[in-house]
Amino acid sequence: MELRDAIDAARAVSRQAYAPYSGFRVGAAIVTEGGALYDGCNVENASFGLSICAERGAVMKMIADAPPDDHGIRLVAVVSPNTAPCFPCGACRQVLREFGCEEVVVLDAEGNPRRYPFEEILPNSFGPEAL
Ligand SMILES: O=c1ccn([C@H]2C[C@H](O)[C@@H](CO)O2)c(=O)[nH]1
Ligand SMILES: [Zn+2]
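All of these numbers come straight from a predicted model, not from anything done at the bench.

Concerning the pattern of salt bridges
Oppositely charged side chains are able to pair whenever their charged atoms sit close together.
In step 1: The final tally for this structure, using the stated rule, is 8 salt bridges.
In step 2: Here Arg97 ties to Glu129 by a salt bridge, and the two come within 2.9 Å at their closest N and O atoms. Of this pair, Arg97 sits in helix α3 (residues 90-98) while Glu129 is found in the segment after α4 (118-121), placing the two residues 32 residues apart along the sequence.
In step 3: Ionic pairing is found between Glu103 and Arg115, a salt bridge with its closest N-O pair at 2.4 Å. Here Arg115 lies in strand β5 (residues 113-117) and Glu103 lies in strand β4 (residues 103-107), a separation of 12 residues in the sequence.
In step 4: Take Glu103: its relative accessible area is 10%, and that puts it in the buried class.
In step 5: A relative accessible area of 44% places Arg115 in the partly exposed class.
In step 6: Residues joined by salt bridges that share partners form a network here, namely Glu2, Arg74, Glu102, Glu103 and Arg115.

Examining the packing of aromatic side chains
In step 1: Summed over the entire model, instances satisfying the criterion amount to 2 aromatic pairs.
In step 2: Seen from their ring centres, Tyr21 and Phe48 are 5.4 Å apart, and the 45° between their planes marks the pair as tilted. Separated by 27 residues along the polypeptide, Tyr21 in the loop between α1 (2-14) and β1 (27-32) and Phe48 in the loop between β2 (37-41) and α2 (54-65) bring together distant segments of the chain.
In step 3: Look at Phe48 and you get exposed, because its relative accessible area is 58%.
In step 4: Taking the centre distance of 5.2 Å and the plane angle of 70° together, the rings of Phe87 and Tyr116 count as edge-to-face. Pair noted here: Phe87 is in the loop between β3 (73-79) and α3 and Tyr116 is in strand β5, with a separation of 29 residues, a long-range link.

Considering the UniProt feature "binding site: Zn(2+)" (unreviewed entry) in the protein
In step 1: Annotation from UniProt places "binding site: Zn(2+)" (unreviewed entry) at Cys53, Cys89 and Cys92. A compact arrangement is adopted by the annotated residues: their sequence extent is 40 residues, whereas the largest C-alpha distance between any two is 8.4 Å.
In step 2: Looking at the secondary structure, you find Cys89 in the loop between β3 and α3.
In step 3: With residues up to four places along the chain from it excluded, the contact list for Cys89 reads Cys53, Glu55 and Arg56.
In step 4: Assignment of secondary structure puts Cys92 in helix α3.

Here is what the cut-offs are and how they apply
- Position numbers for residues start from 1 in each chain and track the written sequence from start to end.
- As they are written, the chains are lettered A onward and the ligands numbered 1 onward, keeping that order.
- Since the coordinates come from a predicted model, pLDDT governs what is reported: local features require at least 70, and pairs of side-chain atoms require 80 or more to be given and counted, while whole-chain, interface and lining totals use all residues.
- Each side-chain value is derived from all of the structure's non-hydrogen atoms; neither hydrogens nor water enter the calculation.
- Salt bridge, as applied in this entry: a Lys or Arg side-chain nitrogen positioned within 4 Å of an Asp or Glu carboxyl oxygen.
- Under the DSSP-based scheme used, a helix requires at least four consecutive residues in state H or I and a strand at least two consecutive residues in state E, with every element numbered from the N terminus.
- Throughout, exposure labels follow a simple rule: accessible area from a 1.4 Å probe, protein chains only, divided by the maximum for the residue type, with under 20% read as buried, over 50% as exposed, and the rest as partly exposed.
- Note on ring pairs: Phe, Tyr and Trp rings are taken, using the six-membered ring of Trp, and paired if centres are within 6.5 Å. Classes follow the plane angle, with under 30 degrees stacked, over 60 edge-to-face and the rest tilted.
- UniProt positions are given in the numbering used here, feature names are shortened, and annotations may be inferred rather than shown by experiment.
- The criterion used for residue contact is that any of the two residues' heavy atoms lie within 4.5 Å.

See below:
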C-alpha cells in the first residue's frame, strides 16, 4: 500500500541523514500522482544556515529524476527517530506547495500514521497559480 511504502521509505532514509551538528535525523518520502516514490534526508553544514531539510531533499530528487509530467505530489511522509510527530518546517511546506502536495503524513508517538490535508498544514497559501 502506498502510504505504508512511503512511511517505510522515510524511516529508512532517515538513517542516511548527515546531521553531525544537531544529531536530529529526518527522512521524507514523496509519492507522486503517478505513484513514484522519492526520498530524502537532511544534510547539514558547518555553516549551519545552509543545512537542507529532508523534505526539500526529496523534492530535489523528484525534480531531477521524475518525468516532467509527474511533478504532482500526492503525499509526503516525514519520519524522525528523534521525535514524533515530526512536521515539515515552514520553508519545506512552501516548497511542497509548489508541486500541489495534497497530504502530509507523520507518525504519532505510538508510531501510527497521522494524515493531514495540505490545506491544514499551509492554509491560504501562495502558489504558482497566483503568478
Ligand atoms: O521537518 C524537518 C525538521 C527538521 N529537519 C532538519 C533540519 C536540521 O538538519 C535538523 C534540526 O532542525 O533537522 C528536517 O529535515 N525536517
Ligand atoms: Zn524544512
